[in-house]
Amino acid sequence: MKERIYLDYAATTPVDPRVVERMLPFFTGTFGNPSSVHWFGQQAEAALESARETVAGALGAQPDEIVFTSCGTESDNLAIRGMAFTQREKTGAQRIITTPVEHHAVLHTVEQLVELNGFKMDLLPVDQYGMVDPEDLRHALRDDVALVSIMYANNEIGTINPMAEIGKLCRQRGVPLHSDAVQAAAHLPMNVVRDQIDLLAIGAHKFYGPKGVGALAVRKNIGLHPSQTGGGQENGRRAGTQNIPYIIGLAEALKLTVNDLEARRRQHIAKRDRLIAGVLGNVPGSRLTGHPTERLPNHASFAFERLDGNHLLMLLDAAGFACSSGSACKVGDPKPSSVLNAIGLSQAWTLGSLRVTLGESTTLDQIESFIEVLPSLVNKVRGAA
Ligand SMILES: *Cc1c(COP(=O)(O)O)cnc(C)c1O
């Protein structure tokens, strides 16, 4: 069988075996309901609270500011919907500022609030790299703003936003700031105090934790309407018996990620930059999308002129390379990526996107063989058009 090379770590990562090992006892041994009064419940509660401390420490938050959820998407939903309703109740504000390059977990949530609940959406412009200019935010921060939601780092093109400046502006105006850090938390040191972020969403499966578990850091003393009502779990902010094994897994994965952050960053950047240079140097009509330096260390993304990106993905897969177009665009649905439109790429380029994201087991050899096969596959796709 030919070697299969996974280059889609921004879509998901395998669970670190050390994480699996930490999770296992909580399925059968320490299985209690953390809300129960008895010994079994207390054991589970102790593990839950210890996980909460770990996650809080990794994000620069306090333990009682951490809400465990079922995924990054749920964290985004809870933050945006919960804060929008809270703020409107408190101040009457109903404008939500966000950007056109957000993940659907953010954009579709805001769009629903507009359609069903009468909120207004303000889309900030982004520059050619997909980055927000804090000056644009400053002008948009008028009195009727309920909430700002700006992603920490972009999943599709890897660009990192100037979150500390954005946080400072929002805090000065007293407007709550949510940031989708689902990609960023895997690669950048997070600190909600340093960046003055009121709500920060993460999801475990982007950093070698299990799928189906996430967290939201919620700044103390800001109200947040729960999306999911029921019992009083998670400080009344997210009802439902906690998924203890997965929460343990998220905490362990985040701890390992933070410990390895600097070493991994250096290794990733060396390989990423070789990849970028190799692709741009060997494929005519190619360009990097996203910021050249202010980008996730494991993230390379490209656009190719006059090329069907989905066709290229299929040929790459057949050659053993698992990559992505970077957008949620499905095979057979040649819709240009809205992110590529937002950064101003012309139509000749927007259908030809390719995202290559590296992980801790990606080798330089794999990257060299990728660089070697790519040009002929691009030619093949262009020839078929
Ligand atoms: C993956 C991702 C999400 C969704 O997270 P899930 O845990 O898969 O629900 C949200 N935002 C960004 C930026 C992502 O990359």
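Keep in mind the model is a prediction, meaning the values are calculated, not measured.

1. What about the site of the ligand?
Then, in step 1: Neighbouring residues of the ligand: Cys 71, Gly 72, Thr 73, Asp 76, His 103, Met 151, Asn 155, Asp 180, Val 182, Gln 183, His 205 and Lys 206.
Then, in step 2: Between an oxygen atom of the ligand and a side-chain N or O atom of His 205, the distance comes to 2.8 Å.
Then, in step 3: Within the complex, 90% of the 380 Å² of free accessible area of the ligand lies under protein.
Then, in step 4: Here the shell around the ligand takes three residues from helix α4 (residues 72-91), the largest share from any one element.

2. Regarding the side chain of Thr 12
Then, in step 1: Tracing the backbone shows Thr 12 in the loop between β1 (5-6) and α1 (17-23).
Then, in step 2: Within the structure, the side chain of Thr 12 is placed 2.7 Å from the side chain of His 205, a separation counted as a polar contact.
Then, in step 3: At 3.1 Å, the side chain of Thr 12 forms a polar contact with the side chain of Lys 211.
Then, in step 4: Setting aside residues up to four positions removed in sequence, Thr 12 forms contacts with Tyr 6, His 205 and Lys 211.

3. A look at the domain arrangement of the protein
Then, in step 1: Domain annotation for the protein reports domain 1 (5-12 + 261-384) and domain 2 (17-257).
Then, in step 2: When each unit is reduced to the centre of its C-alpha atoms, the spacing between domain 1 and domain 2 is 28 Å.
Then, in step 3: Contact with domain 1, which involves 29 residues of that partner, is made by 28 residues of domain 2.
Then, in step 4: Together, Leu 261, Leu 296 and Val 339 form the three largest contributors to the area buried by domain 1 at its contact with domain 2, with a combined 26%.
Then, in step 5: In this structure, the connection of domain 1 to domain 2 is made through zero salt bridges.
Then, in step 6: If you look at where domain 1 meets domain 2, you find 15 residue pairs in polar contact (both at pLDDT 80 or more).
Then, in step 7: The set of elements that each furnish at least two residues to the side of domain 1 that touches domain 2 consists of α8 (244-282), β10 (299-304) and α10 (338-342).
Then, in step 8: Its residues assigned to classes, the side of domain 1 that touches domain 2 shows twelve nonpolar, twelve polar and five charged.

4. Describing the packing of aromatic side chains
Then, in step 1: Scanning the entire structure with this criterion turns up eight aromatic pairs.
Then, in step 2: With centroids separated by 5.7 Å and ring planes inclined at 40 degrees, the aromatic side chains of Phe 31 and Phe 40 adopt a geometry described as tilted.
Then, in step 3: By relative accessible area, which is 40% here, Phe 40 ends up partly exposed.
Then, in step 4: Taken together, the ring pairs connect Tyr 6, Tyr 9 and Tyr 208 into an aromatic cluster.

5. Things to note about the environment of Leu 188
Then, in step 1: Following the sequence through the fold, Leu 188 ends up in the loop between β6 (177-180) and β7 (199-203).
Then, in step 2: Exposure remark for Leu 188: the relative accessible area of 14% places this residue in the buried category.
Then, in step 3: For the pair formed by Leu 188 and Thr 257, sequence separation is 69 residues and the distance between their alpha carbons is 9.4 Å.
Then, in step 4: Not counting chain neighbours up to four residues away, the residues in contact with Leu 188 comprise Tyr 152, Ile 160, Leu 261, Leu 296 and Pro 297.

6. Regarding the layout of surface pockets
Then, in step 1: A volume near 250 Å³ is recorded for the second largest pocket.
Then, in step 2: In terms of lining residues, the second largest pocket is bounded by 17 residues, among which Ile 160, Leu 188, Thr 293, Glu 294 and Arg 295 are the most central.
Then, in step 3: With three residues, the single largest contributor to the lining of the second largest pocket is α8.
Then, in step 4: By residue class, the composition of the lining of the second largest pocket is ten nonpolar, two polar and five charged.
Then, in step 5: A domain split of the lining of the second largest pocket shows at least three residues from each of domain 1 (5-12 + 261-384) and domain 2 (17-257).

7. What to know about the environment of Leu 59
Then, in step 1: Position of Leu 59 among the secondary structure elements: in helix α3 (residues 39-59).
Then, in step 2: A C-alpha to C-alpha distance of 13 Å links Leu 59 and Leu 261, two positions 202 residues apart in sequence.
Then, in step 3: With sequence-adjacent residues up to four places away left out, Leu 59 is seen in contact with Ile 66, Met 190, Asn 191, Val 192, Leu 200, Ile 202, Ala 217 and Leu 254.

8. Some points on a nonpolar patch on the surface
Then, in step 1: Taken together, the side chains of Val 15, Val 20, Leu 24 and Phe 27 make up a nonpolar region of the molecular surface, amounting to roughly 310 Å² of accessible area.
Then, in step 2: Within the element layout of this structure, Val 15 appears in the loop between β1 and α1.

9. What about the pattern of salt bridges?
Then, in step 1: Under the definition given, this model contains 21 salt bridges.
Then, in step 2: Among the ionic pairs, Arg 95 bridges to Asp 144, the shortest N-O distance being 2.9 Å. Within this pair, whereas Arg 95 is found in strand β3 (residues 95-98), its partner Asp 144 is found in the loop between α6 (134-140) and β5 (145-149), the two being separated by 49 residues in sequence.
Then, in step 3: Taking the relative accessible area as the measure of exposure, Arg 95 reaches 19% and is therefore buried.
Then, in step 4: You can call Asp 144 partly exposed: its relative accessible area is 30%.

What counts and what doesn't
- Residues numbered from 1 in each chain as written.
- Predicted model: local features only at pLDDT ≥ 70, side-chain atom pairs only at ≥ 80, totals over all residues.
- Heavy atoms only, no water.
- Near = heavy atom within 4 Å.
- Polar contact = N/O pair within 3.5 Å; in protein donor to acceptor, adjacent residues only side chain to side chain.
- Areas by Shrake-Rupley, 256 points an atom, 1.4 Å probe, with all protein chains shown as cover.
- Helix = DSSP H or I, 4+ residues; strand = E, 2+ residues; numbered from the N terminus.
- Contact = heavy atoms within 4.5 Å.
- Domains from an automatic or database assignment.
- Buried area = accessible area lost by both parts, 1.4 Å probe.
- Salt bridge = Lys/Arg side-chain N within 4 Å of Asp/Glu carboxyl O.
- Nonpolar A, V, L, I, M, F, W, Y, C, P; charged D, E, K, R; others polar.
- Phe/Tyr/Trp six-rings, centres within 6.5 Å; stacked < 30°, edge-to-face > 60°.
- Buried < 20%, exposed > 50% of the residue type's maximum accessible area, 1.4 Å probe, protein only.
- 1 Å grid on protein atoms, 1.4 Å probe; cavity = no way out; pocket = protein on both sides within 12 Å on 5 of 7 lines; lining within 4 Å.
- Points joined across faces, edges and corners; volume = space filled by probe spheres on them.
- Patch = residues over 30% accessible without salt bridge, like charges linked within 9 Å, V, L, I, M, F, W, Y side chains within 5 Å.

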